[in-house]
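Here is what each chain is made of, one letter per residue.
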Amino acid sequence: KAGVTQTPRYLIKTRGQQVTLSCSPISGHRSVSWYQQTPGQGLQFLFEYFSETQRNKGNFPGRFSGRQFSNSRSEMNVSTLELGDSALYLCASSLATGNEQYFGPGTRLTVT
Amino acid sequence: AQSVTQLGSHVSVSEGALVLLRCNYSSSVPPYLFWYVQYPNQGLQLLLKYTSAATLVKGINGFEAEFKKSETSFHLTKPSAHMSDAAEYFCAVSENSGYSTLTFGKGTMLLVSP
């Protein structure tokens, strides 16, 4: 069974630009969560989607948004990038809300 | 609100020695507790989880953890360290509220010397 896949794996953007990251969950999984990992703040929850609806949201500014499609694939978007947005963005999928999560390899975003 | 404290950002052991990584949690409701491992340039891999069944939980790669409610702890142990165990370990808590949201500790880097 294929695991969680994230694309792209690496990304370099300039301040002020926007970026879209993609996550394909494990087949049959309907819940997708996103996390940001930085050396200073550690792992922080961004948001969770289930059946195309945002179920929960972390404490991040409105520049961070996401969505989920009918096939459970998810995208997250960051607009007006700041240097502090440089991080590893991890996606995790689970069968349903409340089940254990399986993480993808992450997308390394560097903002210059 | 829930939170996780991992004591020690770095732990060093010799190969064959006992591994003990400490985790204390705070939760207003009975928690689900997890240990994840992260190897360089990779995502997180679930080692084990506690979901209110047995208090001693066995995971993959010889790791286990014991849930102690009175101490609000969920320490991770392995009797004998292997070089391949060198990685960063994260303790996480999820409130049994139906959501999948995980709150992570800051992580502990395990260093294993020959």
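Data block above holds the structure.
None of these values were measured; they are calculated from a predicted model. Per chain, the residues get numbers from 1 upward, laid out in the order the sequence is written. Chain A is the first chain written and ligand 1 is the first ligand written, with later ones labelled in order. Restriction of local features to residues with pLDDT of at least 70 applies here, the model being predicted, together with a cutoff of 80 or more for giving and counting side-chain atom pairs; totals for whole chains, interfaces and linings are based on all residues. Hydrogens and water are ignored here; the side-chain numbers use all heavy atoms of the structure.

Engineer: Explain the pattern of salt bridges to me, using residue names and the numbers behind them.
Structural biologist: Whenever Lys or Arg places a side-chain nitrogen within 4 Å of a carboxyl oxygen from Asp or Glu, that contact is recorded as a salt bridge. Enumeration over the complete set of coordinates arrives at seven salt bridges over all chains. Two residues, A:Glu75 and A:Arg67, come together in a salt bridge whose shortest N-O distance is 3.3 Å. For the salt bridge of B:Lys58 with B:Glu64, the shortest nitrogen-to-oxygen distance reads 2.8 Å. The class for B:Glu64 is partly exposed, based on a relative accessible area of 23%. Salt bridges linked by common partners bring A:Arg63, A:Glu82 and A:Asp85 together as one network. Relative accessibility decides the category of a residue: with a 1.4 Å probe and only protein chains considered, values under 20% of the type maximum give buried, values over 50% give exposed, and everything between is partly exposed.

Engineer: Give a description of the interface of chain B and chain A that names residues and reports values.
Structural biologist: Any two residues whose heavy atoms approach within 4.5 Å are treated as being in contact. The interface is formed by 18 residues belonging to chain B together with 25 residues belonging to chain A. Taking both sides of the interface into account, the surface hidden between chain B and chain A amounts to around 1600 Å²; carbon and sulfur atoms contribute 49%. Where chain B meets chain A, there are one salt bridge. Think of a polar contact as two N or O atoms within 3.5 Å of one another; within protein, one of them needs to be a possible hydrogen donor and the other a possible acceptor, and neighboring residues in sequence only count if both atoms come from side chains. Summed over the shared surface of chain B and chain A, the number is seven residue pairs in polar contact (both at pLDDT 80 or more). In DSSP terms, a helix is any run of H or I states spanning at least four residues, a strand is any run of E spanning at least two, and both are numbered starting from the N terminus. For the side of chain B that touches chain A, the elements supplying multiple residues, two or more each, are strand S4 (31-38) and strand S5 (44-50) of chain B. Here the side of chain B that touches chain A is composed, by residue class, of nine nonpolar, seven polar and two charged. Simply put, the buried area is the total loss of 1.4 Å probe accessible area from both parts when two parts are fitted together. Amino acids are sorted into nonpolar (Ala, Val, Leu, Ile, Met, Phe, Trp, Tyr, Cys and Pro), charged (Asp, Glu, Lys and Arg) and polar (every other residue, Gly among them).

Engineer: Tell me about the nonpolar core, and please be specific about residues and values.
Structural biologist: As used here, the term nonpolar core means buried Ala, Val, Leu, Ile, Met, Phe, Trp, Tyr and Cys residues forming a set that is joined through side-chain atoms within 4.5 Å. Counting residues in each nonpolar core, the largest one holds 26 residues, and the members touching the most others are B:Trp35, B:Leu48, B:Phe74, B:Leu76 and B:Tyr89. Secondary-structure elements contributing two or more residues to this core are strand S2 (10-14), strand S3 (19-26), S4, S5, strand S7 (64-68), strand S8 (73-78), strand S9 (87-95) and strand S11 (108-113) of chain B. Contact partners of B:Phe74, with chain neighbours within four places excluded, come to B:Cys23, B:Leu33, B:Phe34, B:Trp35, B:Leu48, B:Tyr50, B:Val57, B:Ala65, B:Glu66 and B:Phe67. A:Leu21, A:Leu46, A:Phe64 and A:Leu109 belong to the second largest nonpolar core, which has 21 residues in total.

Engineer: Describe the pairing of S9(B), naming the residues involved and giving the relevant values.
Structural biologist: Residues and elements named next belong to chain B. Within S9, nine of the nine residues are buried, which leaves it mostly tucked inside the rest of the structure. By the bridge criterion, eight bridges tie S4 to S9 in an arrangement that is antiparallel. Note on S9: the bridge partner recorded for phenylalanine 34 is alanine 92. Think of it this way: DSSP has to see at least two bridges between two strands before they count as a pair. Sheet topology note: the S9/strand S10 (residues 103-104) ladder contains two bridges and is antiparallel. Looking at S10, one finds that alanine 92 is bridged to phenylalanine 104.

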